[in-house]
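# A closer look at the structure
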Amino acid sequence: MKPLPGPAEGDGDGAADDVAVALSKAGRTKIRYPARVLSDDGDRITVRARWAAGGVRDFGFVRFEPGDVFTEHYWRSRWYAVKEVRTGGGALKGWYCDITRPAAVAGGEIRVEDLDLDLWVSADASAVLRLDEDEFAASGLAVRDPEAAAEAVRALDALDRQARTAEGLRALFR
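Below, the structure is looked at part by part. (Residues numbered from 1 in each chain as written. Predicted model: local features only at pLDDT ≥ 70, side-chain atom pairs only at ≥ 80, totals over all residues. Heavy atoms only, no water.)

Looking at the element boundaries, Val47 is found in strand 3 (residues 44-50). Here the alpha-carbon distance between Val47 and Asp18, two residues 29 residues apart in the chain, equals 9.0 Å. If we skip the residues at most four places from it in the chain, Val47 touches Val19, Val21, Ala35, Arg36, Val37, Leu38, Phe70, Thr71, Glu72, Tyr74 and Ile110. (Helix = DSSP H or I, 4+ residues; strand = E, 2+ residues; numbered from the N terminus. Contact = heavy atoms within 4.5 Å.)

Quick look at the structure:
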């Protein structure tokens, strides 16, 4: 595991609780990494972590690379997580949204199940990209768990609509 980033100036209460974020997919842990809790209001928990995967991941529309800082928002009641992505120097790259089952927070861990759908919103909101809809369709979730599949599609649609408003995704963090 990489060392935890310290809270940056202006983080608010400067909470120093350490947690692990565990993202699973199809019943297997896809990635697990340390994060620092910034706030927790009982529904939304916000954490900060450095880019946890090895090396650079170039998606074409954005590059995640060592030094990038993610401020991640997880909800216990919503079917998504929103991750604000910045360079190590603080420049906003954009927001990466994972469609997930609602987060489970217990025992120093935030557990979320990835449901394949994603949304990318560029820093200037000029690009709002729906991602991995083909993977979602191929996953078989609609057959195995039609209610979860419907929630996932509703969550993606809601984030897409919100991203295209004047306030954008920032409105979700108030």
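Having seen the model, we can carry on.
Structurally, Glu72 is set in strand 6 (residues 69-75). Buried charge Glu72 goes without a salt bridge, the closest partner of opposite sign being Lys83 at 4.7 Å. A polar contact of 2.7 Å, which involves the side chain of Glu72, links it to the side chain of Tyr33. The residues touching Glu72, leaving out its near neighbours within four places in the chain, are Val21, Tyr33, Ile45, Thr46, Val47, Ala49, Val82 and Lys83. (Buried < 20%, exposed > 50% of the residue type's maximum accessible area, 1.4 Å probe, protein only. Lys, Arg positive; Asp, Glu negative; His and termini not counted. Salt bridge = Lys/Arg side-chain N within 4 Å of Asp/Glu carboxyl O. Polar contact = N/O pair within 3.5 Å; in protein donor to acceptor, adjacent residues only side chain to side chain.)

This structure, assessed with the given rule, holds 12 aromatic pairs. A centroid spacing of 5.6 Å and a plane angle of 25° characterise the contact between Phe59 and Phe61, whose relative ring orientation is stacked. Overall, Phe61 belongs to the partly exposed group, its relative accessible area being 30%. Ring geometry for Phe59 and Phe64: centres 5.2 Å apart, planes at 70°, overall edge-to-face. Put simply, the rings of Trp51, Phe59, Phe61, Phe64, Phe70, Tyr96 and Trp120 pair up and form one aromatic cluster. (Phe/Tyr/Trp six-rings, centres within 6.5 Å; stacked < 30°, edge-to-face > 60°.)

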